[in-house]
Protein chains: 2
Amino acid sequence: MAKILIVTGDAAESLEVMYPYQRLLEEGYEVDIAAPARKQLRFVVHDFEPGFDTYTEKPGYTWPADLAFSEVDPGAYVAVVIPGGRAPEYLRNDPELRKILKSFFDADKPVAQICHGPLLTAAIGGLEGRRVTAYPALELDMQAAGATFQDSAAVVDGLLVSSRAWPDHPTWMREFLKLLRTKS
Amino acid sequence: MAKILIVTGDAAESLEVMYPYQRLLEEGYEVDIAAPARKQLRFVVHDFEPGFDTYTEKPGYTWPADLAFSEVDPGAYVAVVIPGGRAPEYLRNDPELRKILKSFFDADKPVAQICHGPLLTAAIGGLEGRRVTAYPALELDMQAAGATFQDSAAVVDGLLVSSRAWPDHPTWMREFLKLLRTKS
């Protein structure tokens, strides 16, 4: 079966890794999780509490990375998924990951990104002239990356499917799977 | 679209509520979450840590219950999902919930249960003579309930789909959706 890559790391949002991971396995894809190193990753829970003006963070699930970024052959995958959380903020400085993501854009393959995930595609210049959504607090970052920001559950622009955060998973994955079935 | 009920409460396992909830929404079902009261529920993260012989528990996601058990009309739903975590241990003593679950069994509708969820169907005598799986530490409880325990990712016995725990979600939901498409 076709293979899909998830790129993430410590402090990724638990549900934003686990929902697409389990969903794509359920669909019959092979799914590899790549991270800075091949190790047990520690994800976080981003949620809301009364009286707290932004999201809160708690320790979340742990899960093994299948591959280090340096071991990834992007040509082996039909698509890439970029979860959110705090991981994308530091991962965008990883030169190996930037190379991987550029390959997916250059080869015109489906890309799914959610929440803070678009910080990564912004960092490689992949959002120039595109319509995207993202965690709404990132609207300025999306504009700085040359994208048009839309505050909606999912924005599909060509082969790029963006969503705001984990409550949008049903819409995000419905759109991404539609794209995968027709375009990969 | 057809409606599906999830029955759960505080200390349910986060992923075991959120994966089936979001997955069934993605599929186009209406999904209601029922709990002892209509309030913001607090789920937990059950996971593994090196050196700890059983699962660990951390605070997880919060999510609103749509309905109190006392408000549920089981006739309005085509199926029921029973997540795990620590919730089923105390929920099985709730007479309203027991009435709801009995209705689903009496009407021969699909039931999906995972991890500690089978403690609930055991409590209403629903497992007598059935083949089930569950969190493996519950093998004795399943035998006491008159069931045959199998340690596998998913066990389908008629309209009852059981799984061990959240790493089995892909198999669990694949089997449950197959059943829903043909039987409800």
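Parameters at a glance
- Residues numbered from 1 in each chain as written.
- Chains lettered and ligands numbered in written order.
- Predicted model: local features only at pLDDT ≥ 70, side-chain atom pairs only at ≥ 80, totals over all residues.
- Heavy atoms only, no water.
- Contact = heavy atoms within 4.5 Å.
- Buried area = accessible area lost by both parts, 1.4 Å probe.
- Salt bridge = Lys/Arg side-chain N within 4 Å of Asp/Glu carboxyl O.
- Polar contact = N/O pair within 3.5 Å; in protein donor to acceptor, adjacent residues only side chain to side chain.
- Helix = DSSP H or I, 4+ residues; strand = E, 2+ residues; numbered from the N terminus.
- Nonpolar A, V, L, I, M, F, W, Y, C, P; charged D, E, K, R; others polar.
- Core = buried A, V, L, I, M, F, W, Y, C linked by side-chain atoms within 4.5 Å.
- Buried < 20%, exposed > 50% of the residue type's maximum accessible area, 1.4 Å probe, protein only.
- Axes fitted to C-alpha atoms, helices over the stretch in contact; angles between N-to-C directions.
- Parallel < 35°, antiparallel > 145°, perpendicular 65-115°, else oblique.
- Left-handed = near helix turned anticlockwise from the far one by under 90°.
- UniProt positions renumbered as here; feature names shortened; annotations may be inferred.
- Expected span 1.5 Å × (residues − 1).
- Arc of directions from axis to C-beta.
- Phe/Tyr/Trp six-rings, centres within 6.5 Å; stacked < 30°, edge-to-face > 60°.
- Pairing = 2+ DSSP bridges.
- Lys, Arg positive; Asp, Glu negative; His and termini not counted.

Draft legend 1. Local environment of the interface of chain B and chain A. With 29 residues of chain B in contact, the opposing surface of chain A contributes 29 residues. When chain B packs against chain A, the two sides together hide about 2,500 Å² of surface, and 52% of this comes from carbon and sulfur. Three residues stand out in chain B for area buried against chain A, namely Q22, E26 and Y61 of chain B, and they jointly supply 31% of the buried area on that side. Here E49 of chain B ties to R42 of chain A by a salt bridge, and the two come within 3.5 Å at their closest N and O atoms. Counting across the chain B and chain A interface gives 26 residue pairs in polar contact (both at pLDDT 80 or more). With 8 residues, helix α1 (residues 14-27) of chain B is the single largest residue contributor to the side of chain B that touches chain A. Among the residues forming the side of chain B that touches chain A, the class breakdown is 15 nonpolar, 6 polar and 8 charged.

Draft legend 2. Structural context of the nonpolar core. In terms of nonpolar packing, the biggest core is built from 126 residues, with L5, L24 and F176 of chain A together with L5, L24 and F176 of chain B touching the most fellow members. If we ignore the near neighbours within four places in the chain, the residues touching L24 of chain B are I4, Y29, V31, V81, F176, L177 and L180 of chain B.

Draft legend 3. Geometry of the packing of helix α6 (residues 169-183) of chain A against α1 of chain B. Where α6 of chain A meets α1 of chain B, the closest approach of the two axes is 8 Å, and the angle between their N-to-C directions is 50°. Regarding the angle of α6 of chain A to α1 of chain B, the classification is oblique. The two elements α6 of chain A and α1 of chain B cross, and the hand of that crossing is right-handed. Residues H169, P170, M173, R174 and L177 of chain A of α6 of chain A form the contact with α1 of chain B, whose participating residues are Q22, L25 and E26 of chain B. For the contact of α6 of chain A with α1 of chain B, a count of residues per class yields 4 nonpolar, 2 polar and 2 charged.

Draft legend 4. Local environment of the UniProt feature "domain: DJ-1/PfpI" (unreviewed entry) in chain A. The UniProt record annotates "domain: DJ-1/PfpI" (unreviewed entry) at residues 3-178 of chain A. The span residues 3-178 of chain A is 30% helical and 28% strand by assignment, and the distance between its end C-alpha atoms comes to 16 Å.

Draft legend 5. Seen up close, the environment of M173 of chain B. The topology assignment puts M173 of chain B in helix α6 (residues 169-183). A sequence separation of 27 residues divides M173 of chain B from G146 of chain B, and the C-alpha atoms of the two residues are 25 Å apart. Setting aside residues up to four positions removed in sequence, M173 of chain B forms contacts with E26 of chain A together with Y19, P20 and R23 of chain B.

Draft legend 6. Quick look at the packing of helix α1 (residues 14-26) of chain A against α1 of chain B. In contact at an axis separation of 11 Å, α1 of chain A and α1 of chain B are set at 55° when each is read in the N-to-C sense. By the criterion of interaxial angle, the relationship of α1 of chain A to α1 of chain B is oblique. Crossing angle aside, the handedness with which α1 of chain A passes α1 of chain B is right-handed. Taken together, the residues of α1 of chain B that come into contact with α1 of chain A (itself represented by L15, M18, Y19, Q22, R23 and E26 of chain A) are L15, M18, Y19, Q22, R23 and E26 of chain B.

Draft legend 7. Quick look at helix α3 (residues 95-106) of chain A. Residue and element names in this part refer to chain A. Given a rise of 1.5 Å per residue, 12 residues ought to cover 16 Å, and the 16 Å separating the end C-alpha atoms of α3 matches this to within 8%. When α3 is considered as a whole, its buried residues turn out to be L97, I100, L101 and F104. The buried residues of α3 all sit within an arc of 90° when viewed along its axis, so they share a single face. Facing away from the buried surface of α3 by more than 90 degrees, the exposed residues are P95, K99 and D106. Contact partners of the buried residues in α3: β1 (3-7), β6 (79-82), α2 (87-91), β7 (111-114) and α4 (118-123). N-cap assignment for α3: the residue whose side-chain oxygen lies 2.9 Å from the backbone N of E96 is D94. Where α3 terminates, the next one or two residues include D108, which has phi positive at roughly 55°.

Draft legend 8. Representation of the packing of aromatic side chains in the model. Considering all chains together, one arrives at 9 aromatic pairs over all chains under this definition. Both rings, one in Y21 of chain A and one in W63 of chain A, keep their centres 5.7 Å apart while their planes meet at 65°; by these two values the pair is edge-to-face. Of this pair, Y21 of chain A sits in helix α1 while W63 of chain A sits in strand β4 (residues 56-64), and the two are 42 residues apart along the sequence. The class for Y21 of chain A is buried, based on a relative accessible area of 10%. Relative accessible area serves as the criterion here: at 19%, W63 of chain A is assigned to the buried category. Among the aromatic residues, those joined into a cluster by ring pairs are Y21, Y61 and W63 of chain A together with W166 of chain B.

Draft legend 9. Seen up close, the sheet that holds strand β10 (residues 154-157) of chain A. All names here are of chain A. Pairing is mixed in the open sheet, where 7 strands are placed in the order β5-β2-β1-β6-β7-β11-β10. For this open sheet the edge positions go to β5 (67-68) and β10, each flanked by a neighbour on one side alone. Here strand β2 (residues 30-35) pairs with β5 via 2 bridges, running parallel. Looking at β5, one finds that A35 is bridged to A68. Contacts between α1 and the sheet are confined to β1, β2, β6 and β7, with β2 contributing the most and set at about 155° to the helix.

Draft legend 10. The sheet that holds strand β7 (residues 111-114) of chain B, seen in detail. All names here are of chain B. Taken in spatial order, the 7 strands make up an open sheet running β5-β2-β1-β6-β7-β11-β10, and their pairing is mixed. At either end of the open sheet lies a strand with only one pairing partner, and these are β5 (67-68) and β10 (154-157). The strands touched by α1 within the sheet are β1 (3-7), β2 (30-35), β6 (79-82) and β7, with β2 carrying the most contacts at an inclination of about 155°.

Draft legend 11. Inspection of the side chain of K109 of chain B at higher detail. All names here are of chain B. Tracing the chain through its elements places K109 in the loop between α3 (95-106) and β7. Here K109 sits buried without a salt bridge, and the closest side chain of opposite charge, D73, lies 7.3 Å off (N-O distance). Only 2.8 Å separates the side chain of K109 from the backbone oxygen of Y77, close enough to count as a polar contact.

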